[in-house]
Amino acid sequence: MGCYAGLYGRKYELSYEEVRDILKQANDLGIYFFIITGGEPFFWPHLMDIFEEFNDSYFLVYTNGTLIKEETAKKLSELGNVTLSISVEGFELDTDWRRGRGIFKRILEAWDRLRRHGVIFGASVTATRMNHDAIMKDEFWDFLEQQGVAYVWVYQFMPVGMNPTMDLVPTPEQRYNRFLKLEQIRLSGKFAFVADFWNHGFLTNGCLAAGAKYLHINAKGYVEPCVFQQFAVDSIREKKLIDILRSPFFEAYKRMIPYSDNLFRPCPIIDNPKVFRAMVKAFNAKPQHEGSERIINELAPEIDKLAAEWKKYADKLWYEKGYSEIYPANRGVYSYEVRMRKYADKEKMLAVDKRYRN
């Protein structure tokens, strides 16, 4: 919940009661893992209260780490149901260039506090055209390991939000080389896991969005397919979570996953942009930020060119490297109706098994 909320200022914000209600609805559906993003989540005064109340749920929080004081680290240790993924873009020069002067040193201080209090933490790295070389160096990954980083999320820079730009989007060649490097790191056992969005789509059968495995609730209460697809039809303030999951908008998304038989092209925004534009148009999904619509109109020619160029590299990985044989695309597995049928069949099997055993 909440990524890009900084673009809203304090004009839009979910209340404490609204967040509690969303989590309770999710718990009733068997969902006990939640991701909290910002803006900066630790500015929200009720955050620790939520962690404490929902102590049987687990929370992954994306944060810049600047508000992780000694007492915060101690409390997180006592709670035991929160892990922090702290944004770092490389070493000091790369991090401070993108995050602000002095942020790198404050990240090191936050990691130190979390280590001393035994809190599991990871790193969140935005892969851009500018910090590609840093991500490719063993020195950077050795540094993360030495700092006690347990896991690493690497997100390719996306041209979304207010004033979207293509300037920082990695080139297809950079994306290809980054995959080869991160796959080596992932398989090395250095970390609990390393995930490269969107290059590791073959591990998740493509896109996770629209309730296939994930959705995003923004600061206005609108429910987006994912944090980067900033268009929405329904609001959590008007509908229950279960009804949004089985809404025509989300069902259409889930029925189409994966959008390509090549799972190295999982994303509807930058890999299959015609799918994204068609979904927005078909369901009259509303842009959630001023400027969000630029990705489907003004930037469309550049996005299409990027997708076409990436397809050449993706096909090389998928077909020549043999990934297609190990991770074949699975269609029609994420719709609400299919899941309910599978659940009903499982319940029937358990009932038969129980009668047999008795």
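In the block above lies the structure referred to throughout.
Analysis parameters
Residues numbered from 1 in each chain as written. Predicted model: local features only at pLDDT ≥ 70, side-chain atom pairs only at ≥ 80, totals over all residues. Heavy atoms only, no water. Buried < 20%, exposed > 50% of the residue type's maximum accessible area, 1.4 Å probe, protein only. Helix = DSSP H or I, 4+ residues; strand = E, 2+ residues; numbered from the N terminus. Pairing = 2+ DSSP bridges. Axes fitted to C-alpha atoms, helices over the stretch in contact; angles between N-to-C directions. Parallel < 35°, antiparallel > 145°, perpendicular 65-115°, else oblique. Contact = heavy atoms within 4.5 Å. Nonpolar A, V, L, I, M, F, W, Y, C, P; charged D, E, K, R; others polar. Expected span 1.5 Å × (residues − 1). Bend = angle between axes of the 7 residues up to and from the residue. Core = buried A, V, L, I, M, F, W, Y, C linked by side-chain atoms within 4.5 Å. Phe/Tyr/Trp six-rings, centres within 6.5 Å; stacked < 30°, edge-to-face > 60°. Lys NZ or Arg CZ within 6 Å of the ring centre and 35° of its normal. Patch = residues over 30% accessible without salt bridge, like charges linked within 9 Å, V, L, I, M, F, W, Y side chains within 5 Å. Areas by Shrake-Rupley, 256 points an atom, 1.4 Å probe, with all protein chains shown as cover. Salt bridge = Lys/Arg side-chain N within 4 Å of Asp/Glu carboxyl O. Left-handed = near helix turned anticlockwise from the far one by under 90°.

> Give me the pairing of strand β4 (residues 121-127): which residues, what numbers.
Burial runs high along β4: 7 of the 7 residues are buried. Side chains Phe121, Ala123, Val125 and Ala127 project from β4 onto one buried face, and the interleaved Gly122, Ser124 and Thr126 project onto a second face that is buried too. Summarising the sheet, strand β3 (residues 82-87) and β4 pair through 4 bridges and their orientation is parallel. Each bridged residue has a counterpart across the sheet, and for Ser85 the counterpart in β4 is Gly122.

> Lay out the packing of helix α4 (residues 92-99) against helix α5 (residues 103-116) with the relevant residues and their values.
It is at 8 Å that the axes of α4 and α5 come closest, and there the two elements cross at 110°. One element, α4, and the other, α5, form an angle in the roughly perpendicular class. Together, Glu92, Thr95, Asp96 and Arg99 of α4 and Ile103, Phe104, Lys105 and Ile107 of α5 make up the contact between the two elements. Counted by class, the contact of α4 with α5 contains 3 nonpolar, 1 polar and 4 charged residues.

> Tell me about helix α12 (residues 300-320), and please be specific about residues and values.
With 21 residues, α12 should reach 30 Å at 1.5 Å per residue; the first-to-last C-alpha distance of 29 Å fits that figure. Roughly 25° is the biggest bend found in α12, and it falls at Lys311. Considered for burial, the residues of α12 that qualify are Ala300, Ile303, Leu306, Ala307, Trp310, Ala314, Leu317 and Trp318. Buried residues along α12 sit in contact with α8 (172-188), α11 (273-282) and α13 (323-326). Immediately downstream of α12, the backbone of Gly322 shows phi near 85°, a positive value.

> Could you give an account of the nonpolar core, naming the residues involved and the relevant values?
Of all hydrophobic cores here, the largest spans 94 residues; its most connected members are Trp111, Trp141, Leu144 and Val152. Within the second largest apolar cluster, 10 residues are counted, among which are Tyr176, Phe202, Leu263 and Phe264.

> Tell me about the packing of aromatic side chains, and name the residues and values.
Enumeration over the complete set of coordinates arrives at 35 aromatic pairs. Ring geometry for Trp111 and Phe121: centres 6.0 Å apart, planes at 20°, overall stacked. Of the two residues, Trp111 sits in helix α5 while Phe121 sits in strand β4, which places them 10 residues apart along the sequence. Assessed through its relative accessible area of 0%, Trp111 is described here as buried. Here the aromatic cluster, defined as three or more aromatic residues joined through ring pairs, consists of Tyr62, Tyr151, Trp153, Tyr155, Phe193, Phe197, Trp198 and Phe228. Its end group placed over the ring of Trp310, Arg175 keeps NZ or CZ at 4.1 Å from the ring centre. Its guanidinium or amino end placed over the ring of Tyr12, Lys220 lies 5.4 Å from that ring's centre, counting from NZ or CZ.

> Explain a nonpolar patch on the surface to me, using residue names and the numbers behind them.
Among the surface-exposed residues, Phe33, Tyr58 and Ile120 lie close enough to one another that they form a single nonpolar patch of about 280 Å² accessible area. Its relative accessible area of 44% is what places Phe33 among the partly exposed residues.

> So what's going on with the packing of helix α3 (residues 70-79) against α5? Which residues, and what values?
Packed helices, taken two at a time, are described by the angle their axes make and the gap between the axes. The N-to-C vectors of α3 and α5 enclose an angle of 40°; their axes lie 9 Å apart at closest approach. As judged from the angle between their axes, α3 and α5 are oblique. α3 and α5 meet at a crossing whose hand is right-handed. Only Arg113, Leu114 and Arg116 of α5 make contact with α3, whose side of the interface consists of Glu70, Ala73 and Leu76. Partitioned by chemical class, the residues of the contact of α3 with α5 number 3 nonpolar, no polar and 3 charged.

> Report on the side chain of Thr95, specifying residues and quantitative values.
The topology assignment puts Thr95 in helix α4. Judged by its relative accessible area of 0%, Thr95 is buried. The contacts of Thr95, once residues within four sequence positions are left out, are Val88, Glu89, Gly90, Gly100, Ile103, Phe104 and Ile107.

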